[in-house]
Amino acid sequence: MKVKTILVSQPEPKVENSPYFEIQHKLKVKVDFRPFIHVEGVNAKDVRAQKVDLNNYSAIILTSKNSIDHFFRVAEEMRFKVPETMKYFCQSEAIAFYLQKYVVYRKRKIYVGQKDFVDLSPLIKKYKDEKFLLPASDQLNDDIPTTLNNLKVDWTPGTFYRTVMSDLTDLKDVYYDVLAFFSPTGIKSLFKNFPDFKQNDTRIAVFGSTTQKEALEHGLRIDIMAPAPGTPSMTMALEKYITEANKGK
């Protein structure tokens, strides 16, 4: 079965040189983008109800750009002036760079991990006497509390935003050869919007083991998996599959 159309369950990339656009041009396929999930902020009142008082913390652990946006949004709603002495522990360089949207970088104490959350462990351990706040979503990866508890530091999780399933009902009669998913919630959103979804000839692409597990639990056949040997990214996995499927086109 040849591939002509792909639906990527994420927002359209804002950069012109996205690998998705290269696939579209190189392999002559149509690539559409549609977020199956979106993020909604939790208001300051609900954050307070979680017994989170921003005055009580000397360090913030930031795991995503969303966690940065919603921490500073809630701080503003609470009329809390973030002190210059606040320490920021960022999971990656990209997250630390994004922090510059809100703080003057050179004047702040910012500590940066490599990529995975566990990479922050040595830095957090070095400042184990701080009181840490983790502003996060309602769907926290299990490795985060496990890592922090093992470090025996004083930390508090706070739900500052929620991952919500998007309304996709306008796609009811639209067919794609490939659907690409990046999170378990994306799979759940598919079945919430289309409870009677039948895969038939639709190819399912998934990124990550938790997304794979969710897809299998919903009875889906997984045709494209990333990361995999030789294809560490979704775009590489898609390109490899489509090239094979469309041979002799």
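Residues numbered from 1 in each chain as written. Predicted model: local features only at pLDDT ≥ 70, side-chain atom pairs only at ≥ 80, totals over all residues. Heavy atoms only, no water.

Per an unreviewed UniProt entry, the protein carries the name Uroporphyrinogen-III synthase and comes from Flavobacterium subsaxonicum WB 4.1-42 = DSM 21790.

With that settled, the discussion passes to the packing of aromatic side chains. Tallied over the full model, the rule gives 13 aromatic pairs. Plain terms: the ring middles of Phe 72 and Tyr 88 are 6.4 Å apart, the flat faces sit at 25° to each other, and that makes the pair stacked. Of the two residues, Phe 72 is situated in helix 3 (residues 65-77) and Tyr 88 in strand 5 (residues 87-90); the sequence distance between them amounts to 16 residues. Classification of Phe 72 as buried rests on a relative accessible area of 11%. A relative accessible area of 0% means that Tyr 88 is categorised as buried. When the ring of Tyr 111 is compared with that of Tyr 127, the centres are 4.8 Å apart and the planes differ by 45°; the resulting orientation is tilted. In this pair, Tyr 111 is assigned in strand 6 (residues 109-112) and Tyr 127 in the loop between helix 5 (121-126) and strand 7 (131-137), connecting sequence segments 16 residues apart. Through successive ring pairs, a cluster of aromatic residues spans Phe 71, Phe 72, Tyr 88, Tyr 102 and Phe 160. (Phe/Tyr/Trp six-rings, centres within 6.5 Å; stacked < 30°, edge-to-face > 60°. Helix = DSSP H or I, 4+ residues; strand = E, 2+ residues; numbered from the N terminus. Buried < 20%, exposed > 50% of the residue type's maximum accessible area, 1.4 Å probe, protein only.)

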